[in-house]
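Survey of secondary and tertiary structure
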Amino acid sequence: MSKRPWSLLAAALVVALEGLVALGLGIYVLVETVRGGADNLTAALAEAAFGLLVGAGLLWVAWGGLLAAERWGRAPSVLTQIFMIPVAVTLIQSEQPLIGVPLIVVALIGLGTLLAPPTTHALYGDGDDD
């Protein structure tokens, strides 16, 4: 693999940013739980663990999958974007457009870059080498 196309770099950046946000939210919930701000300790710890695991996983997918131009990196990245769309729509419908609109924009940018022909070519090639 010579040079990574801009679309693959942009996709990796989107997924990495999503991972950082999830990681940050997980840390925030954990800190608030430790400070005694949780009504339900078990649920708060589960939420914190989920955020930490999802964040770490997305960072791994962005770094070890997409930036390394590994084929396996695209599937979890595309699924993440697809899962974000109904979350964003729910937030918009729940009168949270300041969160929902940017979320849906990021998900659409992520999908666009992940499914762009240069990304597909970088990850799957022409099919001549296989």
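Just above, that's the structure.
Before going into details, it helps to say that this report is about the structure given with it. (Residues numbered from 1 in each chain as written. Predicted model: local features only at pLDDT ≥ 70, side-chain atom pairs only at ≥ 80, totals over all residues. Heavy atoms only, no water.)

Focus: a nonpolar patch on the surface
Taken together, the side chains of Leu30, Val34, Leu41 and Leu45 define a hydrophobic patch exposed on the protein surface, amounting to about 370 Å² of accessible area. Mapped onto the elements, Leu30 comes out in helix H1 (residues 6–34). Judged by relative accessible area, Leu30 falls into the partly exposed class, the value being 33%. (Patch = residues over 30% accessible without salt bridge, like charges linked within 9 Å, V, L, I, M, F, W, Y side chains within 5 Å. Areas by Shrake-Rupley, 256 points an atom, 1.4 Å probe, with all protein chains shown as cover. Salt bridge = Lys/Arg side-chain N within 4 Å of Asp/Glu carboxyl O. Helix = DSSP H or I, 4+ residues; strand = E, 2+ residues; numbered from the N terminus. Buried < 20%, exposed > 50% of the residue type's maximum accessible area, 1.4 Å probe, protein only.)

Remarks on the side chain of Thr113
Its place among the elements puts Thr113 in helix H4 (residues 97–115). Using a relative accessible area of 7% as the deciding quantity, one classes Thr113 as buried. Excluding its chain neighbours within four sequence positions, the residues that come into contact with Thr113 are Trp6, Ser7, Ala10, Ala11 and Thr119. (Contact = heavy atoms within 4.5 Å.)

Topic: helix H3 (residues 74–93)
Count 3.6 residues to each turn of an α-helix, and residues three or four apart come out pointing the same way. Here H3 spans 29 Å end to end across 20 residues, near enough to the 28 Å set by a 1.5 Å rise per residue. Of all the positions in H3, only Arg74, Ser77, Val78, Thr80, Gln81, Met84 and Ala88 are classed as buried. Of the surrounding secondary structure, the elements contacted by the buried residues of H3 are H1, helix H2 (41–66), H4 and helix H5 (117–124). Following H3 by one or two positions, Glu95 adopts a phi angle in the positive range, close to 60 degrees. (Expected span 1.5 Å × (residues − 1).)

Some details on the packing of H1 against H2
Put simply, H1 and H2 touch, their axes get as near as 7 Å, and they point 160 degrees apart. Considering the angle they form, H1 stands roughly antiparallel to H2. As for how H1 packs across H2, the hand of that crossing is left-handed. When grouped by side-chain class, the residues that make up the contact of H1 with H2 number 23 nonpolar, five polar and two charged. (Axes fitted to C-alpha atoms, helices over the stretch in contact; angles between N-to-C directions. Parallel < 35°, antiparallel > 145°, perpendicular 65-115°, else oblique. Left-handed = near helix turned anticlockwise from the far one by under 90°. Nonpolar A, V, L, I, M, F, W, Y, C, P; charged D, E, K, R; others polar.)

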